[in-house]
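# Fold and geometry: a report
If you want the building blocks of each chain, they are given just below.
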Amino acid sequence: MLKKISIKTGASFGFVCESSKLSGAITKALTVSSFSNSADSEKHHFILSSKGNLYVIGYSPETFIIIQVPNVETEKDGILGFTPGILQGLIKNRKELEFSFNKGQLDFKAIKGKYSANIETIAVTDDHVPHIERMLNPKSKTKASSMSGSLLEEIRKGVKCADLRDFYNDEQILCAIRVKKNTLDVSAHDNFHMSYYKAQVEDANDFELAIPVNTFKLIDRFISDEKEDADFFLDNKQFRIVGKTYMVTLPPVQVDEDYFDRVPGYIQSLKNPLVQLKFNAEAIRTVDNMFTIADDETRLSLTVQKSGTVGISLATESGKISDGFKSKKVSIDGMDKVSFMIDPRIFADLFGKVRDRKEVPMRLFSKRNKGVSSCFMISGSTETSKSFLVGTYYEE
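Here the structure is a predicted model, which means the values were calculated and not measured.

## What to know about the pattern of salt bridges
Using the criterion set out here, one finds 12 salt bridges in the structure. Where Asp-40 meets Lys-43, a salt bridge forms, and the shortest distance between an N and an O atom there is 3.9 Å. Judged by its relative accessible area of 63%, Asp-40 is exposed. Three or more residues joined by partner-sharing salt bridges are found here, namely Arg-178, Asp-185, Glu-208 and Asp-261.

Have a look at this one:
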């Protein structure tokens, strides 16, 4: 895990670094800072030289990051504050640079060529250092849980399945990640669609985490770049993940106790489908074509006949498209034909997660079922996992 770090203020130091490596670390620090709603004046960024390594640090009232700049060796310890946009702009598209910090000024020049520049740095105050030290050595009683590569890979698959878009309110949809008794389930939902991924995992510690998909993608970037197991800590104050070359702290998302059971419970309540059919490869191609002209005001129309004939149509001001196909094993409860309409954005959001399959099973459930809205469910499975995607529909 991350080596013990010391902070020495007021000292001169220097280093040689590929500009792209330093800029990449700064970008990651800025990405973490962007998860804070605090004013820019409350976001602070530093370059730290400690025990032969170079780090970029960023923090706000809600977030913290320290990340090692790869392939850099330093001889003297020191720290400086800086404005990310200015420094990144001056080192952009440059190769190897030699940096020298002394008396509040950072000078840098190209190892090959005549390029040189300097910037006034931001003073490191008595408030900055204690805060950084507290974040590096938090007094938390929470024990570390190891996130192995195999568990992380399953979580990635689950989060990809749970990556839903809120088309109506344009808000972030939370992703609920839970490991319990070596079973992983990942779910997400809003009022119009939901997703659920379930897989068996080995030797995994139990935990629950509600997190926006974009936040997980951010954390995953750090883990993926390092390609090693990471430790994570979760309590009611923070979510912290620690690797060999980084530490990231983000605020946790508080949810109700039943949040992690909402989607699995709803999936289990879907019984006695009104219609069952299968989309084949031809139908999947047609649906892909339709998404090209779909907009906010259109509805995708499907008609399913007991004979197995399925009709699909969509019309907008941009054009019209229709097709039909024969579905295997069509089942309709008590009727010869059923017609219904779906918001194509919802359908595309869900269907896109399974469009690479040769066949996609689809079931329709009527609101006649107690506690269930009129909805459709498409699903897929492998030897070790299952995925369920649910969306609302409208009866014609």
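## Examining unusual backbone geometry
If a residue is not glycine, its phi is most likely negative; likewise, a peptide bond is most likely trans. In this structure, Asp-170 takes a positive phi of about 55 degrees despite not being glycine. Secondary-structure assignment places Asp-170 in the loop between α4 (149–162) and β10 (174–180). One non-glycine residue, Lys-181, adopts positive backbone phi at about 55 degrees. With respect to the element layout, Lys-181 can be found in the loop between β10 and β11 (183–189).

## Things to note about the nonpolar core
With 96 residues, the main nonpolar core has Leu-22, Leu-87, Ile-177, Leu-277, Phe-279, Phe-347 and Met-362 as its most contacted residues. Leave out the neighbours within four places in its chain, and Leu-87 touches Leu-22, Ile-26, Ile-47, Phe-82, Leu-106, Phe-108 and Ile-119. Counting residues in each nonpolar core, the second largest holds 18 residues, with Leu-2, Phe-46, Val-129 and Phe-233 among its members.

## Details of the environment of His-193
Within the secondary structure, His-193 is located in strand β12 (residues 193–200). When its relative accessible area of 2% is taken as the criterion, His-193 is described as buried. In this structure the C-alpha to C-alpha distance between His-193 and Asp-349, which are 156 residues apart in sequence, comes to 9.0 Å. Residues in contact with His-193, not counting those within four places in the same chain, are Leu-164, Arg-165, Phe-167, Ile-173, Ala-188, Ile-346, Asp-349, Leu-350, Val-390 and Gly-391.

## Focus on the sheet that holds strand β22 (residues 337–342)
On the basis of which strands lie adjacent, the open sheet formed by 5 strands has the order β20-β19-β18-β22-β26 and antiparallel pairing. Every interior strand has two partners, whereas the edge strands, β20 (319–326) and β26 (394–395), have only one. In this sheet, β22 lies alongside strand β18 (residues 300–305) in antiparallel orientation, the contact comprising 6 bridges. Bridge assignment links Leu-302 to a residue of β22, and that residue is Phe-340.

## Points about the sheet that holds strand β13 (residues 207–212)
Backbone-to-backbone hydrogen bonds join strands into a sheet, with any given pair of strands oriented parallel or antiparallel. In spatial order, the strands read β13-β10-β11-β12-β25-β24-β23-β17-β21; together these 9 strands make up an open sheet with antiparallel pairing. Two strands lie at the open edges of the sheet, namely β13 and β21 (331–332), each paired on one side alone. Relative to β21, strand β17 (residues 275–279) is paired through 2 bridges, and the arrangement is antiparallel. Each bridged residue has a counterpart across the sheet, and for Gln-276 the counterpart in β21 is Ser-331. In the packing of α4 onto the sheet, contacts are made with β10, β11, β12, β13 and β25 (385–392), and the angle to β12 comes to roughly 165 degrees.

## Points about the packing of helix α1 (residues 19–33) against helix α2 (residues 84–91)
Direction vectors running N to C along α1 and α2 enclose 155 degrees, while the axes themselves pass 10 Å from each other. The orientation of α1 relative to α2 falls into the category roughly antiparallel. Remark: the crossing between α1 and α2 carries left-handed chirality. Contacts from Ser-19, Leu-22, Ser-23, Ile-26, Thr-27 and Leu-30 in α1 reach Pro-84, Leu-87, Gln-88 and Ile-91 in α2.

## Structural notes on α2
By the burial criterion, the buried members of α2 are Pro-84, Leu-87, Gln-88 and Ile-91. Taken down its axis, α2 places every buried residue within 95 degrees of arc, on the same side. Where α2 is buried, its residues meet α1, β2 (44–50), β6 (96–102), β7 (105–110) and β8 (116–120). Residue Asn-93 follows α2 closely and has a positive phi angle near 65 degrees.

## Here we look at the side chain of Thr-121
Mapped onto the elements of the fold, Thr-121 is located in the loop between β8 and α3 (128–136). Side-chain polar atoms of Thr-121 contact the backbone oxygen of Gly-104, separated by 2.9 Å.

## Comments concerning the packing of aromatic side chains
Counted according to the given criterion, the structure contains 13 aromatic pairs. Here the aromatic residues Phe-13, Phe-15, Phe-99, Phe-101 and Phe-108 are joined through ring pairs into a cluster of three or more.

## Examining the environment of Leu-314
Relative to the helices and strands, Leu-314 resides in strand β19 (residues 309–316). Each C-alpha atom of the pair Leu-314 and Cys-375 lies 19 Å from the other, and the pair is 61 residues apart in sequence. If we skip the residues at most four places from it in the chain, Leu-314 touches Met-290, Ile-293, Ala-294, Thr-298, Arg-299, Leu-300, Gly-319, Lys-320, Ile-321 and Pro-344.

Conventions adopted
Residues numbered from 1 in each chain as written. Predicted model: local features only at pLDDT ≥ 70, side-chain atom pairs only at ≥ 80, totals over all residues. Heavy atoms only, no water. Salt bridge = Lys/Arg side-chain N within 4 Å of Asp/Glu carboxyl O. Buried < 20%, exposed > 50% of the residue type's maximum accessible area, 1.4 Å probe, protein only. Helix = DSSP H or I, 4+ residues; strand = E, 2+ residues; numbered from the N terminus. Core = buried A, V, L, I, M, F, W, Y, C linked by side-chain atoms within 4.5 Å. Contact = heavy atoms within 4.5 Å. Pairing = 2+ DSSP bridges. Axes fitted to C-alpha atoms, helices over the stretch in contact; angles between N-to-C directions. Parallel < 35°, antiparallel > 145°, perpendicular 65-115°, else oblique. Left-handed = near helix turned anticlockwise from the far one by under 90°. Arc of directions from axis to C-beta. Polar contact = N/O pair within 3.5 Å; in protein donor to acceptor, adjacent residues only side chain to side chain. Phe/Tyr/Trp six-rings, centres within 6.5 Å; stacked < 30°, edge-to-face > 60°.

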